[in-house]
2 protein chains.
Amino acid sequence: MALRIDDMDKKILGELQRDAAQSLDEIAKRVGSSKTPVWNRIRKLKEAGVIRQQTVLLDAEALGFEACFFVLIRTSEHEADWQQKFLKALRERPEVLEAHRLAGDIDYILKVQVQNARAYDTFYQALISEVKVHNVTALLSMEEIKSTSMLPL
Amino acid sequence: MALRIDDMDKKILGELQRDAAQSLDEIAKRVGSSKTPVWNRIRKLKEAGVIRQQTVLLDAEALGFEACFFVLIRTSEHEADWQQKFLKALRERPEVLEAHRLAGDIDYILKVQVQNARAYDTFYQALISEVKVHNVTALLSMEEIKSTSMLPL
DNA sequence: AATGAAACGATCGATTT
DNA sequence: AAATCGATCGTTTCATT
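Since the model is a prediction, treat every value here as computed from it, not as a measurement. (Residues numbered from 1 in each chain as written. Chains lettered and ligands numbered in written order. Predicted model: local features only at pLDDT ≥ 70, side-chain atom pairs only at ≥ 80, totals over all residues. Heavy atoms only, no water.)

1. So, the UniProt feature "domain: HTH asnC-type" (unreviewed entry) in chain A
Line of reasoning, step 1. Mapped onto the present numbering, the UniProt feature "domain: HTH asnC-type" (unreviewed entry) falls at residues 5-66 of chain A.
Line of reasoning, step 2. Segment residues 5-66 of chain A splits into 53% helix and 13% strand. End C-alpha atoms: 39 Å apart. (UniProt positions renumbered as here; feature names shortened; annotations may be inferred. Helix = DSSP H or I, 4+ residues; strand = E, 2+ residues; numbered from the N terminus.)

2. As for helix α2 (residues 24-31) of chain B
Residue and element names in this part refer to chain B.
Line of reasoning, step 1. Buried within α2 we find I27, A28 and V31. Down the axis of α2, the buried side of the element spans an arc of 100°, and every buried residue falls inside it.
Line of reasoning, step 2. Taken together, the buried residues of α2 touch α1 (7-18) and α3 (35-47).
Line of reasoning, step 3. Phi turns positive, to about 75°, at G32, one or two residues after α2. (Buried < 20%, exposed > 50% of the residue type's maximum accessible area, 1.4 Å probe, protein only. Arc of directions from axis to C-beta. Contact = heavy atoms within 4.5 Å.)

3. Observations concerning the relation of the copies chain B and chain A
Line of reasoning, step 1. When chain B is fitted to chain A, the residual RMSD is 0.0 Å, and the transformation amounts to a turn of 180° plus an axial shift of 0.0 Å. With respect to symmetry, the two chain copies, as superposed, fit the operation of a two-fold axis. The rotation axis passes nearest to the C-alpha of T55 of chain B in chain B, at a distance of 2.8 Å.
Line of reasoning, step 2. Both copies present the same face, since 100% of the interface residues in chain B are matched by interface residues at the equivalent positions in chain A. (Least-squares fit on C-alpha atoms with pLDDT ≥ 70 in both.)

4. Notes on the pattern of salt bridges
Line of reasoning, step 1. Taken as a whole, this structure holds 22 salt bridges over all chains when the rule is applied.
Line of reasoning, step 2. Notably, a salt bridge pairs R101 of chain A with E143 of chain B, separated by 2.8 Å at the nearest N-O pair. One end of the pair, R101 of chain A, is in strand β3 (residues 96-102); the other, E143 of chain B, is in strand β5 (residues 135-147), on a second chain.
Line of reasoning, step 3. Of the charged contacts, one joins K88 of chain B and E92 of chain B as a salt bridge, the two residues approaching to 3.0 Å between their closest N and O atoms. Taken together, the residues K88 of chain B and E92 of chain B, both in helix α4 (residues 80-92) and four residues apart, mark about one turn of the helix. Across this residue pair, the class does not change: K88 of chain B and E92 of chain B are exposed.
Line of reasoning, step 4. Via salt bridges that share partners, D6, D9 and R41 of chain A belong to a single interconnected network. (Salt bridge = Lys/Arg side-chain N within 4 Å of Asp/Glu carboxyl O.)

5. Observations concerning the nonpolar core
Line of reasoning, step 1. Ranked by internal contacts, the top residues of the largest apolar core, which has 22 residues, are I12 and I51 of chain A together with L63 of chain B.
Line of reasoning, step 2. Considering every element that reaches this core, the biggest residue donor is helix α1 (residues 7-18) of chain A, with four residues.
Line of reasoning, step 3. In this structure I12 of chain A touches I27, V31, V38, R41 and I42 of chain A, once residues within four positions along its chain are discounted. (Core = buried A, V, L, I, M, F, W, Y, C linked by side-chain atoms within 4.5 Å.)

6. What about the domain arrangement of chain A?
Line of reasoning, step 1. Partitioning chain A into domains gives domain 1 (8-47) and domain 2 (61-140).
Line of reasoning, step 2. The gap between the C-alpha centroids of domain 1 of chain A and domain 2 of chain A is 37 Å. (Domains from an automatic or database assignment.)

7. Let's talk about the protein's contact with DNA strand D
Line of reasoning, step 1. As a matter of local geometry, DNA strand D sits amid S34, T36 and P37 of chain A together with S23, L24, K35, T36 and W39 of chain B.
Line of reasoning, step 2. Near-protein atoms of DNA strand D (within 4 Å) split between backbone and bases, with sugar and phosphate holding 62%.
Line of reasoning, step 3. L24 of chain B has a polar backbone atom sitting 2.8 Å from a phosphate oxygen of DNA strand D.
Line of reasoning, step 4. In this structure, a phosphate oxygen belonging to DNA strand D sits 2.7 Å away from a side-chain N or O atom of W39 of chain B.
Line of reasoning, step 5. Every element with two or more residues in the surface near DNA strand D is listed here: α3 (35-47) of chain A together with α3 of chain B.
Line of reasoning, step 6. Element by element, the count of residues in the surface near DNA strand D is highest for α3 of chain B, at three residues. (Near = heavy atom within 4 Å. Polar contact = N/O pair within 3.5 Å; in protein donor to acceptor, adjacent residues only side chain to side chain.)

The structure is reproduced here in structure tokens:
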């Protein structure tokens, strides 16, 4: 870890974010370098964990995941014990794509992607039966205006 | 579009989500098929837009993006004109990683990834000077419990 | 759906700057 | 120390069966 990242690294990461399928030669040309140094930098960035995963982004609707909810959670329980159980439950449920612990009066936010509203209800019932939560608000997405994983390097 | 997706397609997509860098042979072995049919299916899935992008997921903190906000927006304006302008503003701002139009009394939710709280304020001031919004609540993430782009196929 | 071959790209060591 | 070159090996791509 603790790798110093310079402008060339950022350019390379930008290219990989944009299209991870392009060849080394192509990336090298675009960033104004050549194959070997680019390859060495990518290797180091992977080792350091800066590049976490190489993946494909899929069209959720085409695959039948037509409902996306943002779930705001307030809890009264703040004991380590309860939290451990809650986090474990979230990590184990594959329909929870994102989960964050928040500052302020809302304690957690989740992004939950499911087939339909009924599937959300099933998820919700299962979650509250596993762990006690004080208050839950579900926000239903009507339209995905934008969705990207690309950091603005 | 309108491609029929069967179980074999789903298995292949699952493998690609898990690790898009693995070779065709490896994917074929894992899904119990062989190179050519797997290759043909992947090609069709790309053409149909089911596979939208091949990319790398980066460690935001390692790259200095230490602040993540979820922004809840209420607006009084609901004219087509205003909306066009608002959506355009969101799409053009690279710090907005996600934006959804919602059902219910909150109209929009954004996920905004920036270097620090000051950078968020800059973003916020720029946004509200571009388009009128009625009410904005920013939720600051203290901890990313989970973050994945993998659909549970 | 399998085979196999040609084109292409990744990887890495040797050589040069 | 770091870039270039080039050999080798593996992979993709696609025509044929």
